[in-house]
Amino acid sequence: MSTGDLRDPLRIAYSPCPNDTFVFDAWAHGRVPGAPALDVTFADIDVTNGMAERGELDVLKVSYAVLPWVLEEYALLPCGGALGRGCGPLVLAREPGLELAGKTVAVPSERSTAYLLFRLWAADVLPAGVGEVVVLPFHEIMPAVRDGRVDAGLVIHEARFTYQGYGLHRLADMGEHWESTTGLPIPLGAIIARRSLGPERLRALAEAARTSVRMAWADPEASRPYVRAHAQELDPAVADQHIGLYVNEFTAGLGESGYAAVRGLLTRAAAEGLVPPVPAGALDFP
């Protein structure tokens, strides 16, 4: 597939969530010196995962969980994504202390990092296993739990800050389990770019993403209109909490512990039969 003229805008997809709009604001609005123009598509991560599997677009924000299926065509960029500590998915229920064995659990996607973390947690602490797993869009999960349509739900993003408003209780924190068993940060969302762009252009994209992050940190007010325009009626204070949690030093650069977290997640998931094994060197940046 042709990648087009080098002067053409890069086709990119990321979510309307505050962390992504904060990270990409400067780049998307032409304020990163020398960076290529962007043609932006907004889509939730389950949609961008599918785009990556079909080989659509040049650059995408995806779940780390989908990497084993796309690394032949796409390279993992060492910046711009979401890893962290204290920011993992939660399992919620209407009743505190609900025993999950055999229960129905709603999840946002079976190709999501949240789902992998959930399955790894369940393998450790629920020897009898959960019952049925139901896939729902993430914004429908808390209402489904509240209304009794499912027994429990696996939630991500700003649901960490809002679930009590639905009368729900936290049963478990997937991130706490991951951190306590590995000592590593929690890998959530990755930025990938088409390998056919070539090493030089991929390095330029990584530098543009890193610069955009740093510009957002240097002047947070500059990104506020972009964040608010796409935050789907999210309270501004919650949007700020969201950014504070998911945009951190790993967004500027994965570093040794970031790469260790990604390798650890995919290796453990492959051992459980949840994803295909990742070939040696497939995560290396050109």
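Further up the page is the structure itself.
Quick look at the overall build of the protein chain now. Scanning the protein chain for helices and strands turns up twelve helices and eleven strands. Expected size for 286 residues packed as a compact globule is a radius of gyration near 19 Å; at 18 Å, the protein chain falls within 12% of this value. Summarising its shape, the C-alpha atoms of the protein chain cover approximately 55 × 40 × 30 Å along the three principal directions. Restricting the contact set of the protein chain to residue pairs at least 6 apart, pairs at least 24 apart contribute 81%. Summed over all atoms, the accessible surface of the protein chain reaches about 12100 Å², with 50% contributed by carbon and sulfur. Here the protein chain contributes 24 positive and 35 negative side-chain charges, whose respective centroids are spaced 2 Å apart.

Relative to each other, helix α4 (residues 113-125) and helix α7 (residues 174-182) sit at 70 degrees, their axes nearing to 9 Å. Taken together, the axes of α4 and α7 lie roughly perpendicular to each other. Considering how the two elements wind past one another, α4 and α7 form a crossing that is left-handed. Contacts between α4 and α7 involve L117, F118, L120, W121, D124 and V125 from the former and M174, H177, W178 and T181 from the latter.

Counting across every chain of the model gives five aromatic pairs. Arranged with centres 4.4 Å apart and planes meeting at 10 degrees, the rings of Y14 and F24 form a pair that is stacked. Of this pair, Y14 sits in strand β1 (residues 10-14) while F24 is found in helix α1 (residues 18-28), placing the two residues ten residues apart along the sequence. Summarising the burial analysis for this pair, Y14 and F24 share the class buried. Every member of this aromatic cluster is reached through a ring pair, and the members are Y14, F24, W27, F42 and Y226. The lysine or arginine in question, R111, covers the ring of W69, its NZ or CZ lying 3.6 Å from the ring centre.

Here we take up the pattern of salt bridges. Across all of its chains, the model carries 16 salt bridges by this definition. R210 is the salt-bridge partner of E207, the closest N and O atoms lying 3.1 Å from each other. Taken together, the residues span about one helical turn, with E207 and R210 both in helix α8 (residues 199-218) at a distance of three residues. Exposure remark for E207: the relative accessible area of 40% places this residue in the partly exposed category. The exposure class of R210 is buried, given its relative accessible area of 17%. Measuring nitrogen to oxygen at the nearest pair gives 3.2 Å for the salt bridge that ties D240 to R224. A residue pair is termed long-range when its members are at least 10 positions apart, and D240 in helix α10 (residues 236-246) and R224 in helix α9 (residues 220-230) qualify at 16 residues. A residue is classified by how much of its surface remains accessible, and D240, at 38% relative accessible area, is partly exposed. One network of salt bridges, with partners in common, ties together R11, D58, E73 and R194.

Another point: the pairing of strand β6 (residues 90-93). Looking along a regular strand, one sees the side chains alternate between the two faces of the sheet. Side chains L90 and L92 of β6 all project onto a buried face; the interleaved residues V91 and A93 project onto the opposite face, where all are buried too. By the bridge criterion, four bridges tie β6 to strand β10 (residues 169-173) in an arrangement that is antiparallel. Paired with V91 across the two strands is A172, which belongs to β10.

Listing the buried residues of α10 in full gives V238, A239, H242, I243, L245 and Y246. Looking straight down α10, one finds its buried side chains confined to an arc of 165 degrees; they lie on one side. Where α10 is buried, its residues meet α1, β5 (82-84), α6 (159-162), β11 (186-194), α9 and α11 (249-252). Capping of α10 at its N-terminal end is provided by D235; its side-chain oxygen lies 2.8 Å from the backbone amide nitrogen of A237.

Procedures and definitions
Residues numbered from 1 in each chain as written. Predicted model: local features only at pLDDT ≥ 70, side-chain atom pairs only at ≥ 80, totals over all residues. Heavy atoms only, no water. Helix = DSSP H or I, 4+ residues; strand = E, 2+ residues; numbered from the N terminus. Rg over C-alpha atoms; globule rule 2.2 N^0.38 Å. Contact = heavy atoms within 4.5 Å. Areas by Shrake-Rupley, 256 points an atom, 1.4 Å probe, with all protein chains shown as cover. Lys, Arg positive; Asp, Glu negative; His and termini not counted. Charge placed at Lys NZ, Arg CZ, Asp CG, Glu CD. Axes fitted to C-alpha atoms, helices over the stretch in contact; angles between N-to-C directions. Parallel < 35°, antiparallel > 145°, perpendicular 65-115°, else oblique. Left-handed = near helix turned anticlockwise from the far one by under 90°. Phe/Tyr/Trp six-rings, centres within 6.5 Å; stacked < 30°, edge-to-face > 60°. Buried < 20%, exposed > 50% of the residue type's maximum accessible area, 1.4 Å probe, protein only. Lys NZ or Arg CZ within 6 Å of the ring centre and 35° of its normal. Salt bridge = Lys/Arg side-chain N within 4 Å of Asp/Glu carboxyl O. Pairing = 2+ DSSP bridges. Arc of directions from axis to C-beta. Polar contact = N/O pair within 3.5 Å; in protein donor to acceptor, adjacent residues only side chain to side chain.

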